[in-house]
Amino acid sequence: MMMMLIIIFTGLCLSLFLCDDSIAARVNSVEYRSDKDTTICQSEDMSTSMSNARGDGLYIGTISLGLNRRSLVYFDVSDLRNDISSTNEIESASFILYERRINWPKDSEITVHRILEPWNEGMSSAVGGKCADSTADDASWTLRRVGDNSTWSGGPGGSFDPIPSATIQVASGGEEYLWTGDGLLRDVREWVNRTAPNYGWIVIGDESSEQTAKSFGSREFADETKWPHLILELTSPANKGSRVVHDVVVPIVVTILVLVGLAIMLHMYLRYKRHSATAPIRSVYNQGTILESFDHDDDENM
């Protein structure tokens with residue numbers, strides 16, 4: 001009996017843990033590739049607009065001439081509004097860039113900031129971090145659209161939230177780099193919910209000294225898997241209920257089962273001990289009864 005209860009108890013625990021694993025796997029991932037991106041370039045002559053919209057790289061940091069490079073990246077997430085019932089279903093946001101070439105092997109802190117004004121990706125194209133003259137549709141260091149002379153309200157270098165949405169340390173080595181956290185999640189939720197306009201992010205590197213520039217794959221890079229990516233993890237309302245089971249109910253039930261199992265085993269143990277302690281007494285008592293019976297018979301025969 002005791003062995004049967006232990007087997008049932010173990011089976012229930014295993015079933016719950018298997019159910020727990022299946023619940024945890026119900027988070028869905030949605031992947032976006034950049035819909036537009038460009039590098040805006042600081043020039044020696046601030047009156048000259050320079051960009052690199054159609055090159056295969058995004059440049060971030062400071063080149064050897066002491067001129068800065070920043071990159072603008074935009075993802076269209078508007079379709080997500082039709083696929084979810086609440087932005088609370090977006091559980092995490094991860095922004096990914098792929099380092100395509102090592103310019104200078106220095107570690108750099110690179111920050112991602114929300115852009116506050118619309119901008120354009122034009123037709124400028126250059127090899128490396130040199131940049132080219134901006135076309136009419138380009139954004140540049142001083143202008144968010146060169147053709148109509150629209151300046152950045154935040155001044156040269158772009159108009160953006162000064163508080164980074166995410167920050168990481170980038171080394172060198174042809175690796176994939178991922179920014180994530182509450183700031184990026186807030187941005188995406190507000191874009192999908194339309195409580196803030198979506199103008200994308202500006203990526204800013206170390207501009208404190210020369211030769212800190214990093215080069216990442218743009219959406220013109222030959223290998224599409226190395227374009228800028230945005231990965232969102234979503235949980236549907238039904239799955240949220242399952243996550244409650246996963247995070248709250250399952251641990252409680254397992255704890256109760258463990259306690260019940262221990263109580264059963266303790267009960268069986270105490271019952272066994274009582275049986276062991278009383279068995280000799282019963283034996284002696286039974287023997288005494290039998291002997292007394294024999295003596296009584298003998299007396300009658302006499």
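What counts and how
Residues numbered from 1 in each chain as written. Predicted model: local features only at pLDDT ≥ 70, side-chain atom pairs only at ≥ 80, totals over all residues. Heavy atoms only, no water. Helix = DSSP H or I, 4+ residues; strand = E, 2+ residues; numbered from the N terminus. Contact = heavy atoms within 4.5 Å. Polar contact = N/O pair within 3.5 Å; in protein donor to acceptor, adjacent residues only side chain to side chain. Core = buried A, V, L, I, M, F, W, Y, C linked by side-chain atoms within 4.5 Å. Buried < 20%, exposed > 50% of the residue type's maximum accessible area, 1.4 Å probe, protein only. Phe/Tyr/Trp six-rings, centres within 6.5 Å; stacked < 30°, edge-to-face > 60°. Expected span 1.5 Å × (residues − 1). Salt bridge = Lys/Arg side-chain N within 4 Å of Asp/Glu carboxyl O.

Asks: I keep staring at the environment of E220 and nothing clicks. Help me out?
Replies: Note that E220 resides in the loop between β14 (214-217) and β15 (229-234). In this structure the C-alpha to C-alpha distance between E220 and R54, which are 166 residues apart in sequence, comes to 6.4 Å. Once residues lying within four places of it in the same chain are set aside, the contact partners of E220 are D37, A53, R54, G55, D56, E121 and W227. A distance of 3.4 Å separates polar atoms of two side chains, one belonging to E220 and the other to R54.

Asks: Is there a simple way to think about the nonpolar core in this case?
Replies: When a protein is soluble and globular, its nonpolar side chains tend to lie buried together. Judged by nonpolar contacts, the single largest core of 30 residues is most densely connected at I90, F95, W179, V188, W201, L230 and L232. Listed by contribution, the elements that provide at least two residues to this core are β4 (57-62), β6 (90-101), β7 (108-114), β11 (166-170), β12 (176-180), α2 (182-193), β13 (201-204) and β15. The element contributing the most residues to this core is α2, with five residues. In contact with L232, other than residues within four places in its own chain, are N28, S29, V30, Y32, L80, I90, S92, A93 and V188. Counting ten residues, the second largest nonpolar core, distinct from the first, contains L72, I115, W119 and W152.

Asks: Help me understand the side chain of S34, please; the structure alone is not making it clear to me.
Replies: Within the secondary structure, S34 is located in the loop between β1 (28-33) and β2 (36-41). Here D37 takes part through its side chain, which lies 3.0 Å from a polar atom of the side chain of S34. Setting aside chain neighbours within four positions, we find S34 in contact with V73, Y74, F75, R219 and P228.

Asks: How should I be thinking about the packing of aromatic side chains in this particular structure?
Replies: For any pair of aromatic rings, the description consists of the separation of the ring centres together with the inter-plane angle of the planes. Applying the stated rule across the entire model yields six aromatic pairs. Note on F75 and W201: the rings are 6.2 Å apart at their centroids and 65° apart in plane angle, and the pair reads as edge-to-face. Note that F75 is positioned in the loop between β5 (68-74) and β6 and W201 in strand β13, a separation of 126 residues in sequence. In this structure, F75 and W201 share a single accessibility class: buried. Ring centres of F95 and W201 lie 5.4 Å apart, and the angle between their planes is 45°; on these two criteria the pair is classed as tilted. Linking F95 in strand β6 with W201 in strand β13, this pair joins segments that are 106 residues apart in sequence. On the basis of relative accessibility, which here comes to 0%, the residue F95 falls in the buried class. What makes W201 buried here is its relative accessible area of 0%.

Asks: Would you explain α2 in this entry?
Replies: Residue pairs three or four apart in sequence face the same way in an α-helix, which turns once every 3.6 residues. Relative to the 16 Å expected for twelve residues at 1.5 Å per residue, α2 spans 16 Å between its end C-alpha atoms, a close match to the ideal helical length. Here α2 has its buried residues at G183, L184, L185, D187, V188, W191 and V192. With its phi angle positive at about 60°, R194 sits one or two positions after the end of α2.

Asks: Help me out: how do you make sense of the pattern of salt bridges in this one?
Replies: Any two side chains of opposite charge can pair, so long as their charged atoms come close to each other. Applying the stated criterion across every chain, the model contains 13 salt bridges. As a salt-bridge pair, R70 and E207 come within 2.9 Å of each other at their nearest N and O atoms. One end of the pair, R70, is in strand β5; the other, E207, is in the loop between β13 and β14, and 137 residues separate them in sequence. The class of R70 is buried, set by a relative accessible area of 12%. Of the charged contacts, one joins D148 and R145 as a salt bridge, the two residues approaching to 3.7 Å between their closest N and O atoms. Take D148: its relative accessible area is 44%, and that puts it in the partly exposed class.

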